[in-house]
Amino acid sequence: MISITEWQKIGVGTTGFGIFFILLGILLYFDSVLLAFGNLLFMTGLLFIIGLRRTFSFFFQRHKLKGTSFFLGGVVIVLLRWPLLGMFLETYGFFSLFKGFFPAVFGFLGNASNIPFLSELFRRLQGTRSMV
């Protein structure tokens, strides 16, 4: 069984709040303060979850430098109050950095129909195909 430290629990909460503030900033027409706060919380939470050394080794691998530069450049541009351009750069960098994780995520989502509550929800939603 995997043991989770208190720092990792704090990191999960901080990352969750970061994602929340980023989404709220996007919903409020790219509010630069909320986006900047969400970026800082997301990055801090990531540091708490996987640690300083692993974070730097993840972001600064040779084949991920392009994605890292776009992601961190987008964070800096959001902090400089150019939220729309910064979020576009961050999004490109995020997909470039985490493209190796997407097959695992989609594989998990494909198996989500085996979870009892979700399988019942999917069955109910499957019967509502009518557009009217």
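About the cut-offs
- Residues numbered from 1 in each chain as written.
- Predicted model: local features only at pLDDT ≥ 70, side-chain atom pairs only at ≥ 80, totals over all residues.
- Heavy atoms only, no water.
- Salt bridge = Lys/Arg side-chain N within 4 Å of Asp/Glu carboxyl O.
- Helix = DSSP H or I, 4+ residues; strand = E, 2+ residues; numbered from the N terminus.
- Core = buried A, V, L, I, M, F, W, Y, C linked by side-chain atoms within 4.5 Å.
- Buried < 20%, exposed > 50% of the residue type's maximum accessible area, 1.4 Å probe, protein only.
- Contact = heavy atoms within 4.5 Å.
- 1 Å grid on protein atoms, 1.4 Å probe; cavity = no way out; pocket = protein on both sides within 12 Å on 5 of 7 lines; lining within 4 Å.
- Points joined across faces, edges and corners; volume = space filled by probe spheres on them.
- Nonpolar A, V, L, I, M, F, W, Y, C, P; charged D, E, K, R; others polar.

Details of the pattern of salt bridges
Here the structure, examined in full by the defined rule, presents one salt bridge. The partner of Glu 6 in a salt bridge is Lys 9, and the shortest N-O contact between them spans 3.4 Å. With Glu 6 and Lys 9 both in helix H1 (residues 6-27) and three residues apart, this pair spans about one turn of that helix.

Some points on the nonpolar core
Within the largest apolar cluster, 14 residues are counted, with the highest numbers of intra-cluster contacts made by Phe 59, Phe 71 and Leu 97. Among the secondary structure elements, those contributing two or more residues to this core are helix H2 (32-50), helix H3 (52-59), helix H4 (65-79) and helix H5 (83-97). A total of five residues in this core trace back to one element, the largest contributor, which is H2. In contact with Phe 59, other than residues within four places in its own chain, are Met 43, Leu 46, Lys 64, Leu 65, Thr 68, Phe 71 and Leu 97.

Structural notes on the layout of surface pockets
Roughly 350 Å³ of internal volume is contained in the largest pocket. Taken together, 15 residues make up the lining of the largest pocket; nearest its centre are Ile 22, Met 87, Glu 90, Thr 91 and Phe 94. When residues of the lining of the largest pocket are traced back to their parent elements, those giving at least two are H1, H2 and H5. Examining the composition of the lining of the largest pocket, we find that seven residues originate from one element, H5, more than from any other. Partitioned by chemical class, the residues of the lining of the largest pocket number twelve nonpolar, two polar and one charged.

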